[in-house]
Structure formats: C-alpha cells, structure tokens
Amino acid sequence: MEVFNLSKVSKTYRNDGKEYVALKDVSMSIYEGEIFGIIGMSGAGKSTLVRTLNRLEEVSDGSVSFYGSNLAELNFSEVRKIRRQIGMIFQGFNLLEQRSVLSNVMQPLRIAGVPREQRQKKALEMLQVVGLEDKKKEYPARLSGGQRQRVAIARALAADPKVLLCDEATSALDPKMTGEILELLKEINRKRKITIVIITHEMSVVEKICDRVAIIDEGNLAEIGEVKEIFRNPKSEAAKKLVLPSNPFDPSSTTSKLIRLVFDGLAASRPFIAELVEQTGKKVNILSANTKSVSGIGYGQMVLELPQEEEDQRIITEFFEAGGLSVQEVKRS
C-alpha cells in the first residue's frame, strides 16, 4: 500500500525579491512497511523534501498525499491528526533537558490528552522497546548520545505512529552508536511493521538499512530504486559519486581507462584477477577494493586501471562480464 505519493513537487523560497528553488518537479512513492532512504549532499533539498511529507513545508507546485489524502486539501485539524501518525527523530534529539527520560517519552501523550496512568504505562513499554527501562528516572544530560537518541525513538513510538521520519538521526553519533541505532530501527520496522523514512548524506547508512533510496541532487530526483541495484549499477552521476570508492590510488596515466567491478558474496571467492592473467595474459592495475553489506547482502567492488590498447580493454571487459560481474566505466572528475 502506498503511504506517501509525491507528484511533480516543487518548492521555491522567496526572500527580498530573490528566489531559491529547493525542489524541482519531484515525483515518487513510499510504500507501507519499507525502510526508504532519501540521500543527498548538504543543500540538495532532502530536508525540505521530508518536511513536505507532514506539511511542515507547503509545496509551491505539485501535491503530496498520505494514504491517498492530499495534504494541501486538509484543514488544520485534519493535518494535526495526520501528524500524530508520523513520528519524527532528529539529529539533535530535541529532548526536554529539565524532564526525566520517562517524562520525555510521555510528552506526546500528554499533549494528546492521554490520562496519566495510561501514558506512563505506554512510555515504560516504549523504553523497554529501546532497551532503556532502567534509565527512566535519569535526565538527558546524564545520557550518552546513543542513549539520548534511543529516548527520542521511544518518544516517537509512544503515539503508535504509522511512519517514522528520521532526519539525519545518526549524524551526531560515533560509528558504533550509529550501528546500534540503525539495528534498533531495523528491528522496530520488522517487529512493529512501521514504515521508516531515513534522510541522510551518508551512503553507508542507506546501504546498511534501507530497502529503496531516492537520490536528491540540487533539488532534482536524480535516481530512485532498490539500494542493491543502485549499488550494482548506478545510472546518474549523483549516484555514481555516492557509491564509488572515495579514496582510490592514482592511476599511472591520465588517459588510461578505469572500470568498476561489482560482485556479490558468492562471486567474491573466485580469484578473478588471477584467472584474467592466466586465461588472457592481460594485466590490470587495482586502484581500490572494498567489501560491504548492502541490504543484508555482502558485496565487493574494485576500481581497475586497464591497459592503453583498446583491444586489451575489450578482452578484459568481456572476460569480467562473462564471469557475471557488473562492469561500469569510471569517468574522471
């Protein structure tokens, strides 16, 4: 079932007679039960996009629908009801420092008018979900960054939302804490069937947790699809920048051809480079190589420098493709 539908969404800000276009004609759908990533560099428009999902931002053109309801056609009371179905988690946690952990988690229920005994019971249940029931009397200042974000997640879950919007939710955390929070979100999605939308500038976050991803580049939707497919075969320049290794060695020539190989865990055990030399007599220069988990599947990638002769390049490329590897040319920046 379709949770969000964006149809030709544009957003233009106007200030002192000047215009800034944050989103340009963006169309996409987000489906029930999936973990959906929205990725882009700073200023790409991803945060503006996520704020249109609960009408914190009005769109300039196009439409945003939530379970079939066009948000622009709803009155304030109707929008408030929808916002109760959409929990939000932020980079800065947004906890009330003068309230205990338990009181923080109870806050949205207090605003909704839920009786004290009922909201306390629900808050304790949510703290158990995030593994912090023993911290209920503590104050945010005494918690680590990872613990503070767990409290924020418990607070977002307290109102039983259908959707969690996570805006750079792990950007303020170290790698270990990031991994723990992502695993928690994955578990919440699996056990509670909550749709999760993750906004990030880090491809590693998308690769670890998301089913599908939309890549936003200068306000445009550059590419959208399953994470594993975009990793294997990125089509847009924005996607290629995100998935290509960021620190390859310098090639030996400024004019040589570079290619990227992608292989899954099953193919990783084959010595492709050794087989290439043995069967064709052709050699390549390995500029970069790494492995990672993408949507729960182990993948590896290499950036290779090929010989100068076009016939050698053809033989090498065909050898790898015959072996079932994904081969893409790498353009120099």
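Attention in this report is confined to the structure presented alongside it. On a predicted model such as this, the values are computed, not experimentally measured, just so you know.

On to the overall build of the protein chain, then. Scanning the protein chain from terminus to terminus reveals eleven helices and 14 strands. Projecting the C-alpha coordinates of the protein chain onto the three principal axes gives extents of approximately 75 × 50 × 35 Å. Within the protein chain, the proportion of its 333 residues that are buried is 48%. Within the protein chain, contacts between residues at least 6 apart in sequence are counted, and of these 69% link residues at least 24 apart. Entry remark: accessible area of the protein chain is about 16,800 Å², with carbon and sulfur atoms responsible for 47%.

Spatially, six strands are ordered β6-β7-β8-β3-β9-β10 in an open sheet, and the strand pairing comes out mixed. The open sheet has two free edges, formed respectively by β6 (86-90) and β10 (220-226), since each of these has just one partner strand. Within this sheet the neighbouring strands show an average axis-to-axis angle of 15°, counted without direction. In this sheet, strand β7 (residues 163-167) lies alongside β6 in parallel orientation, the contact comprising five bridges.

The next thing to look at is the pattern of salt bridges. Taken as a whole and assessed by the stated rule, the structure comprises 18 salt bridges. Between glutamate 138 and arginine 142 there is a salt bridge, with the nearest N and O atoms lying 2.9 Å from each other. Exposure remark for arginine 142: the relative accessible area of 64% places this residue in the exposed category.

So, about the sheet that holds strand β1 (residues 2-15). Spatially, the four strands line up as an open sheet ordered β2-β1-β4-β5, and their pairing is antiparallel. Lying at the two open borders of the sheet, with one neighbouring strand each, are β2 (18-31) and β5 (69-70). Inspection of the sheet shows β1 paired to strand β4 (residues 61-66) by five bridges, in the antiparallel sense. Across the sheet, residue asparagine 5 finds its bridge partner in β4, namely serine 65.

Counting 53 residues, the largest nonpolar core has Ile89, Ile153, Leu164, Leu185 and Ile198 as the members making the most contacts within it. Every residue in contact with isoleucine 89, bar those within four places of it in the chain, is listed here: Gln149, Ala152, Ile153, Ala156, Leu164, Leu165, Cys166, Asp167, Ala169 and Leu185. Counting 28 residues, the second-largest nonpolar core is a separate cluster that includes Val26, Leu71, Val197 and Ile216.

So, about helix α10 (residues 272-280). Along α10, the residues that are buried comprise Phe272, Glu275 and Leu276. For α10, the angular spread of buried residues about the axis comes to 105°, placing them on one side. Each element contacted by the buried residues of α10 is listed here: α11 (310-322).

Turning our eyes to something else, we now look at the packing of helix α3 (residues 101-111) against helix α5 (residues 145-157). Contact pair α3 / α5: the axes reach a minimum separation of 7 Å and the direction vectors enclose 35°. Between α3 and α5 the crossing geometry is right-handed. The segment α3 lies against α5, with Val101, Asn104, Val105 and Pro108 engaging Val151, Ala154 and Arg155. When its residues are assigned to classes, the contact of α3 with α5 shows five nonpolar, one polar and one charged.

What follows deals with the pairing of strand β12 (residues 285-294). Two strands pair when backbone bridges link them, and β12 and strand β13 (residues 297-305) are joined in this way by nine bridges, in the antiparallel orientation. Among the inter-strand pairings, asparagine 285 is bridged to a residue of β13, identified as glutamate 305.

For the rest of this paragraph, the subject is the environment of threonine 12. Mapped onto the elements, threonine 12 comes out in strand β1. Take threonine 12: its relative accessible area is 16%, and that puts it in the buried class. C-alpha separation for the pair threonine 12 and serine 144, spaced 132 residues apart in sequence, amounts to 38 Å. Excluding its chain neighbours within four sequence positions, the residues that come into contact with threonine 12 are Glu19, Tyr20, Val21 and Ser60.

Within the structure shown, the criterion is met by five aromatic pairs. Look at phenylalanine 4 and phenylalanine 66: their rings are 5.3 Å apart centre to centre, the planes differ by 50°, and that puts the pair in the tilted class. Pair noted here: phenylalanine 4 is in strand β1 and phenylalanine 66 is in strand β4, with a separation of 62 residues, a long-range link. Residue class for phenylalanine 66 comes out buried when judged on its relative accessible area of 3%. With 5.6 Å between their ring centres and 70° between their planes, phenylalanine 319 and phenylalanine 320 make a pair best called edge-to-face. Residue phenylalanine 319 shares its accessibility class with phenylalanine 320, and that shared class is buried. Ring pairs connect the aromatic residues Phe4, Phe66 and Tyr67, which therefore count as one cluster. Sitting over the ring of tyrosine 67, lysine 162 keeps its end group 4.7 Å from the ring centre. In this structure, arginine 260 packs its charged tip against the face of phenylalanine 231, placed 4.9 Å from the ring centre.

The rules behind each value
Residues numbered from 1 in each chain as written. Predicted model: local features only at pLDDT ≥ 70, side-chain atom pairs only at ≥ 80, totals over all residues. Heavy atoms only, no water. Helix = DSSP H or I, 4+ residues; strand = E, 2+ residues; numbered from the N terminus. Buried < 20%, exposed > 50% of the residue type's maximum accessible area, 1.4 Å probe, protein only. Contact = heavy atoms within 4.5 Å. Areas by Shrake-Rupley, 256 points an atom, 1.4 Å probe, with all protein chains shown as cover. Pairing = 2+ DSSP bridges. Axes fitted to C-alpha atoms, helices over the stretch in contact; angles between N-to-C directions. Salt bridge = Lys/Arg side-chain N within 4 Å of Asp/Glu carboxyl O. Core = buried A, V, L, I, M, F, W, Y, C linked by side-chain atoms within 4.5 Å. Arc of directions from axis to C-beta. Left-handed = near helix turned anticlockwise from the far one by under 90°. Nonpolar A, V, L, I, M, F, W, Y, C, P; charged D, E, K, R; others polar. Phe/Tyr/Trp six-rings, centres within 6.5 Å; stacked < 30°, edge-to-face > 60°. Lys NZ or Arg CZ within 6 Å of the ring centre and 35° of its normal.

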